[in-house]
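Examination of the molecular architecture
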Amino acid sequence: MINAGYTYTYLSPVNLNLSQASVAGGLLAPHSPAYKAVVVTSDQNVTLAGVNKLQQYADAGLPVILSGGFPGYYPNGEATDKAAVYAALEALRSSPNVYTTGFGQIASK
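Report follows, based on the coordinates. From a predicted model like this one, the values you see are computed outputs, not experimental measurements. (Residues numbered from 1 in each chain as written. Predicted model: local features only at pLDDT ≥ 70, side-chain atom pairs only at ≥ 80, totals over all residues. Heavy atoms only, no water.)

Our focus in this paragraph is the sheet that holds strand β7 (residues 64–67). The three strands lie next to each other as β5-β7-β9, forming an open sheet whose pairing is parallel. Each edge of the sheet is formed by a strand with only one pairing partner; in this case those strands are β5 (38–41) and β9 (98–101). Pairs of neighbouring strands in the sheet enclose a mean axial angle of 20 degrees, with direction left out of account. Across four bridges, β7 lies against β9 in parallel orientation. Considered in β9, the bridge of S67 is made with T101. (Pairing = 2+ DSSP bridges. Helix = DSSP H or I, 4+ residues; strand = E, 2+ residues; numbered from the N terminus. Axes fitted to C-alpha atoms, helices over the stretch in contact; angles between N-to-C directions.)

Note on backbone geometry: most residues besides glycine have negative phi, and most peptide bonds are trans. Residues S32 and P33 are joined by a peptide bond in cis, for which omega reads 10 degrees. Not every positive phi belongs to a glycine, and A29 is a case in point at roughly 55 degrees. By the element assignment, A29 lies in the loop between β4 (27–28) and β5. Given the relative accessible area of 8%, A29 is considered buried. With a phi close to 75 degrees, N97 is a non-glycine residue in the positive phi region. As for its position among the elements, N97 is in the loop between α3 (82–93) and β9. Residue classification places N97 among the partly exposed residues on the basis of a relative accessible area of 26%. (Buried < 20%, exposed > 50% of the residue type's maximum accessible area, 1.4 Å probe, protein only.)

This part covers α3. With 12 residues, α3 extends 17 Å from end C-alpha to end C-alpha; this agrees with the ideal 16 Å at 1.5 Å per step. Within α3, the full set of buried residues consists of V85, A88, L89 and L92. Around the axis of α3, the buried residues are gathered within 100 degrees of arc, so they sit on the same side. On its buried face, α3 is in contact with β6 (45–46), α2 (48–59), β7, β8 (72–73) and β9. The N-terminus of α3 is capped by D81, whose side-chain oxygen sits 3.1 Å from the backbone nitrogen of A83. (Expected span 1.5 Å × (residues − 1). Arc of directions from axis to C-beta. Contact = heavy atoms within 4.5 Å. Polar contact = N/O pair within 3.5 Å; in protein donor to acceptor, adjacent residues only side chain to side chain.)

Laid out in structure tokens, this is it:
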């Protein structure tokens, strides 16, 4: 989807584990398509593995934007409890390269 000059791609756990999904020079998949940030909105759901991958990306220099508050918890076969997911989100939010915005204010970051 293209909106206001930005390209949006919805990521799934499978996408996050592709070999091309690496960060270099502050870009995700630097050779192509070279995303400049990952945006997670409050109306999405995440797993613990997904939050951990976002933490790795942020630690490697990719901006991660949490828009409108924390996303929801998505229980999966890993039997991860909700508290572990939200603890990981708290750690992510306090990391350098992680920004928070109100819903609909992504462009401000």
